[in-house]
Every structure is written in structure tokens, then in C-alpha cells.
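Now for the letters of each chain:
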Amino acid sequence: MPVKKTPMLITFYSKYEHRLLMLFVAILIAMAFAVSSAKAAGEKADFTVVNERSKVWSIQSADGAFTAFKWGTAGDVRVPADYDGDGSNDIAVWRPSNGTWYILGSRDGKSAQITWGVTTPFPTGGIEDVPVPADFDGDGTDDIAVWRPVDGRWYVLTSKSSFTKSIVVEWGQLGDIPVPADYDGDGNTDVAVFRSMQNRWLIAESKTGNMQQHIFGMAGDDLLVPADYTGDGRADVAVYRSGNWFVRDSESGEIEKFEFGFTDGVPVPADYDGDGTTDFAVYRSGEWFVYESENPRLRSVKHGRRGDVPLNTLTVKPSLVAVR
């Protein structure tokens, strides 16, 4: 039977239409990514403090709205993070005495209790897990997670599974300080530790499985403040030392020093202007000082009083811990 040939003109138009379709799909994907990125970049950090005596959380949003909630008891570890995926941090504490997370959702105002984490018996006394909530599974919502000092393991209860399934990663050892962040820019938080005895950062890249090592900072003198200060989508290794910020650029590897703060101030780095880049910021006696990265300028916000604890410090860690 003779084969019926398709005219060249029709074949040409079929390929042309196919290419147009593929181009259209690519444009749609690019637009969706741009909208998603713009939405993520548009979230501005709130100013939040807690009164140690009353346990009242006072929150001033970027638009000036004010709310207050009483949450937690003595001995709780405060762990504000976005557990419901609405782009805002939820009020939350972890109670070492029973290993329970008490979360007040910002989306619907509902409370949740999830048991995750323990205090491990040790020859010299109990050693508590270190809560490290972050987005380890890359779904845009923070996971409930702890790092266990006695065995160097990360126990992550994933938000992707509605907090029903977990993953365990072995990384670190007793005496290390957990410093999780997205160092490789793939959207997943990487497990990482700072080893005080060596001033060494040990980072396990979730994208490749490779290890980054950086000798950076001075244990005992510095506060560890990893975040994306350069706007390239990757967290930079960084420390805060008596009013000075030292940042290792994740792209170039160059060390940058930025003088901003006070010897008695507390670093509170976060994205206050909504441009997707972490701003240098410090809190001092009820006043926030922010150096915005989008249109570089200094601004101050009065929120809190002497003795209040600022809560934009979840990623800020000491560079030296006592091992009991």
C-alpha cells in the first residue's frame, strides 16, 4: 500500500505550532516562578518581643499593626517559625520537661501540641535536645526538628507529611552548635554545625550531598548569624562581634566587614524590607535599628522595653556552649 506523504507545508506548521506551544509553556512556568519569587520576597519580618516575667508576646507587624498573646511557661524554649505555611511566623514554644511543642497558628488562631524531642540522660546530667525548626523538606513550610547533642543526629518531623513522618540525619557531635540554613540555594535547609574547638563550620549540602568546610569566626567572642546577606539565594557564613558583622560571601568567598550595632546590642537579622535579602539589625533596650538592603538606609523602630527579649534571633547562636 503506498504511503501517503504529508505535504511539507503542513509538517512545517506542525513543528512551528509545537515550538510555539513549548515557548508558551515555558513563559507560563517563568511567570509562575516570578510570581512565586515575588510573593516570597514580599514578606516582611515582624518586630516581636517577649516579656520574661509575664510571658506575653508583643508583635508589631511591618504595617504597624499590634497584637499580643500570653504563651508559654518558665523553662520553655521559644521557637517561632512558619509551621502553617502562611508566610508568617507562628507563636510557639518547646517544653524540655515533656518534649512537647505548643504552637499557636497565625493563619487560623488554632493551637496545636506535638511531642517531638527529649532530654537525654547523661553521666553528668540530662542533656536537652536543641530545637532547630526550619524548612528541611523544601515545601515552603517550616518543619518541627531537633538536634540531639549526645548522638549528633537531626530528627526532623516534616511539614510535607502534615507532621506524621520523620527523617533522621547524622551530622555533628557533642559540643557542636547547630547552624542550619540554606547554604547551597536549593530551597532546602541544610544541616550544619559550628565546631567551637576548631572555629570550623561543617555544612552538608542537601543539593549535592557534598560537605562545605569553613574556618571562620572566634569561639566565645562571636555570635553565629548565618543568613543571606548578599541576596544570591544562599545563606552566608557570618558572625556578629561587638557591633561588627563579618560575612563570608557565599558566591565570591570574600570576607566583608560591616560596622553596625552596639557592644550591648543583640543581633536580630531578618528581611524587614521584603526584598528577599536579610538586613543587618540590632535590638537595644526596646529599640530596633535596621539597615535596609533594598534602598540602603538606616531606620529605627521602638517596640519593647528594657528587659524584653527580641524574638528575631532564632538563627542567632552562641559560638561556645558548656557540655555538662
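Residues numbered from 1 in each chain as written. Predicted model: local features only at pLDDT ≥ 70, side-chain atom pairs only at ≥ 80, totals over all residues. Heavy atoms only, no water.

Colleague: What is the right way to look at the side chain of Thr-48 in this model?
Modeller: Topologically, Thr-48 is positioned in strand S1 (residues 47-50). Given the relative accessible area of 11%, Thr-48 is considered buried. With residues near it in sequence (within four places) discarded, Thr-48 still touches Trp-57, Ser-58, Ile-59, Trp-288, His-303, Val-309, Pro-310, Leu-311 and Asn-312. (Helix = DSSP H or I, 4+ residues; strand = E, 2+ residues; numbered from the N terminus. Buried < 20%, exposed > 50% of the residue type's maximum accessible area, 1.4 Å probe, protein only. Contact = heavy atoms within 4.5 Å.)

Colleague: Explain the pattern of salt bridges here, please?
Modeller: The tally for this structure, following the rule as stated, stands at 13 salt bridges. As a salt-bridge pair, Asp-264 and Arg-284 come within 3.1 Å of each other at their nearest N and O atoms. Taken together, the residues Asp-264 in the loop between strand S21 (255-259) and strand S22 (266-267) and Arg-284 in strand S23 (residues 280-284) connect sequence positions 20 residues apart. In this structure Asp-264 comes out as partly exposed when scored by relative accessible area, which is 48%. Through salt bridges with shared partners, a single ionic network connects Glu-52, Lys-55 and Arg-78. (Salt bridge = Lys/Arg side-chain N within 4 Å of Asp/Glu carboxyl O.)

Colleague: Help me understand the sheet that holds strand S6 (residues 100-104), please; the structure alone is not making it clear to me.
Modeller: Pairing between the strands of a sheet is mediated by backbone hydrogen bonds and can be parallel or antiparallel. With antiparallel pairing, the 4 strands of this open sheet are ordered in space as S4-S5-S6-S7. Strand pairing shows two members of the sheet lacking a second neighbour, strand S4 (77-78) and strand S7 (111-115), which therefore form its edges. (Pairing = 2+ DSSP bridges.)

Colleague: Would you mind going over the sheet that holds strand S19 (residues 237-241) with me for this structure?
Modeller: Here 5 strands make up an open sheet; going across it, the order is S21-S20-S19-S18-S27 and the pairing antiparallel. What marks the edges here is a single partner per strand, and that holds for S21 and strand S27 (317-318). Pairing of strand S18 (residues 223-224) with S27 involves 2 bridges; the strand directions are antiparallel. Of the residues in S27, the one forming a bridge with Leu-223 is Pro-318.

Colleague: Explain unusual backbone geometry here, please?
Modeller: Backbone phi values are negative for most residues with the exception of glycine, while trans is the configuration of most peptide bonds. One non-glycine residue with positive phi stands out, namely Ser-162, at about 60°. With respect to the helices and strands, Ser-162 occurs in the loop between strand S12 (153-157) and strand S13 (166-170).

Colleague: Is there a simple way to explain the pairing of strand S5 (residues 91-95) in this structure?
Modeller: In the case of a regular strand, side chains alternate between the two sheet surfaces. Among the 5 residues that make up S5, 5 are buried, leaving the element largely enclosed by the rest of the structure. As paired strands, S4 and S5 are joined by 2 bridges and run antiparallel to one another. Residue pairing for S5: Val-77 is matched across the bridge by Trp-94. From the end of S5 to the start of S6, which pair antiparallel, there are 4 residues, and Gly-99 there has a positive phi angle of about 70°.

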